[in-house]
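Coordinates in review
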Amino acid sequence: MLRFWSILVLLAAPAPAAMAQQPADDPSANPGRPTVSTPATLTPVGYLQFETGYLYANHSPEFSSQSSFNEVMKLTVVPRIQLLVSSGPFAHSRVNGVATNGAGGVTLGAQGVVYAGEGARPTVALSYFRQVYGGDTPDLDIGSAKNSAIVLFSADVKGFHYDTNYLFNEVIEGAVHRAQFGQTLSIAHPLAGKFGMAGEIWHFTQPFLRGHCVGSLWTVNYNASKTLVFDAGFNRGLTSSSTRWEVFAGFTYLLPHRLLRR
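Residues numbered from 1 in each chain as written. Predicted model: local features only at pLDDT ≥ 70, side-chain atom pairs only at ≥ 80, totals over all residues. Heavy atoms only, no water.

Along the backbone of the protein chain there are 2 helices and 13 strands. Computed over the C-alpha atoms, the radius of gyration of the protein chain is 18 Å, within 12% of the 18 Å expected from 2.2 N^0.38 for a compact globule of 262 residues. Principal-axis analysis of the C-alpha atoms gives the protein chain an extent of 55 × 45 × 30 Å. Out of the 262 residues belonging to the protein chain, those deemed buried represent 43%. Relative to all contacts within the protein chain whose residues are 6 or more apart in sequence, the contacts with residues 24 or more apart total 51%. Summed over its atoms, the accessible surface of the protein chain is roughly 13300 Å², and 64% of this surface lies on carbon and sulfur atoms. (Helix = DSSP H or I, 4+ residues; strand = E, 2+ residues; numbered from the N terminus. Rg over C-alpha atoms; globule rule 2.2 N^0.38 Å. Buried < 20%, exposed > 50% of the residue type's maximum accessible area, 1.4 Å probe, protein only. Contact = heavy atoms within 4.5 Å. Areas by Shrake-Rupley, 256 points an atom, 1.4 Å probe, with all protein chains shown as cover.)

Shown next as structure tokens:
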């Protein structure tokens, strides 16, 4: 962790050109939801972004069905550093015919841009997350990581935008610690008017099940304004230990008032 934060401190001193790229008075949201992939690019400096969603899932290794809400808050404090908080405030689960209510975990993290690309040259970033509360509800097929390090790439190629992540997680069950690895690739393209769509393929190892979960995710988004984006879609699990179906909807909202001064 000390090495990671040392790298972020070095990245916090951006070149003047990087600072010039930040919009002064016309910020735009940079949604990370609803794909598993996270963009390597950051939100506008000084503005708080909320990513709020609802998820319904069924036929998962730990439950028969679950309805849950999720929230991610992002704040870019300098042009190359972003702070994140992820939480699951409520979940209603059904396991073996028994219904329960509870809360998901809370995770704190930071993301730093290593290389700011443009066009087909990818932006490269590193991020680290630490779970500070494990929650009391069953997990999805991916599980929940105690510690997570991610390498992120994002670029635009011939009208398409892609985000790809490579994840290195520590997962814990009882007193046993295991390594988990994941890979994601999402590709997005604008549609007519204010609509857009994205498709994604993702994979995670399941060290305690000695299996693999793989999913194919599809989503449509509506850009109501530069600061408000709605989304809806579904994910289909492709292996026997994957959550079979997930249906989701939500929105990304960037507060239009700067919280941090330049």
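Let's shift gears to the pairing of strand 10 (residues 195-206). Of all 12 residues in strand 10, 9 are buried, a share of seventy percent or more. Count of turn residues in the strand 9 (residues 176-190)/strand 10 antiparallel hairpin: 4 residues, of which G193 carries a positive phi of about 65°. Two strands pair when backbone bridges link them, and strand 10 and strand 11 (residues 211-225) are joined in this way by 12 bridges, in the antiparallel orientation. Of the residues in strand 11, the one forming a bridge with Q206 is G211. The loop that links strand 10 with its antiparallel partner strand 11 comprises 4 residues; one of these, R210, has a positive phi angle of about 55°. (Pairing = 2+ DSSP bridges.)

Time to look at the packing of aromatic side chains. In this structure the tally under the stated criterion is 7 aromatic pairs. Seen from their ring centres, F153 and Y166 are 6.1 Å apart, and the 80° between their planes marks the pair as edge-to-face. Placement of F153 in strand 7 (residues 147-157) and of Y166 in strand 8 (residues 160-173) is noted, with a sequence separation of 13 residues between them. In this structure F153 comes out as partly exposed when scored by relative accessible area, which is 26%. (Phe/Tyr/Trp six-rings, centres within 6.5 Å; stacked < 30°, edge-to-face > 60°.)

By secondary structure assignment, the location of D141 is in the loop between strand 6 (123-133) and strand 7. In this structure, D141 is buried with no salt-bridge partner, the nearest side chain bearing the opposite charge being R236 at 10 Å. Those residues in contact with D141 that lie beyond four places of it in its chain are S60, P61, W202, Q206, C213, S241, S242, T243 and E246. (Lys, Arg positive; Asp, Glu negative; His and termini not counted. Salt bridge = Lys/Arg side-chain N within 4 Å of Asp/Glu carboxyl O.)

Within the fold, R121 resides in the loop between strand 5 (106-115) and strand 6. For the pair formed by R121 and V157, sequence separation is 36 residues and the distance between their alpha carbons is 8.8 Å. A polar side-chain atom of R121 sits 3.4 Å from a polar atom in the side chain of Y115. (Polar contact = N/O pair within 3.5 Å; in protein donor to acceptor, adjacent residues only side chain to side chain.)

With that out of the way, let us pick up the pattern of salt bridges. With the rule as written, the count across this model stands at 4 salt bridges. Across the salt bridge formed by D231 and R33, the nearest N and O atoms sit 2.7 Å from each other. One end of the pair, D231, is in strand 12 (residues 228-237); the other, R33, is in the loop between helix 2 (16-20) and strand 1 (48-60), with 198 residues separating them in the sequence. Each member of the pair, D231 together with R33, is buried.

With that out of the way, let us pick up the nonpolar core. By size, the foremost hydrophobic cluster in this structure holds 10 residues: A40, L84, A125, F129, I150, L152, L167, W202, F204 and C213. Mapped by element, the contributors of at least two residues to this core are strand 6, strand 7 and strand 10. If we ignore the near neighbours within four places in the chain, the residues touching F204 are V36, I142, L167, N169, Q180, F181, G182, T184, H212 and C213. (Core = buried A, V, L, I, M, F, W, Y, C linked by side-chain atoms within 4.5 Å.)

A few words on unusual backbone geometry. For residues other than glycine, phi is negative in most cases, and the peptide bonds are mostly trans. With an omega dihedral of 5°, the bond running from R33 to P34 counts as a cis peptide bond. Inspection of the secondary structure assignment puts P34 in the loop between helix 2 and strand 1. In the Ramachandran plot, K158 falls in the positive-phi region, its phi being about 50° despite a non-glycine side chain. Relative to the helices and strands, K158 resides in the loop between strand 7 and strand 8.

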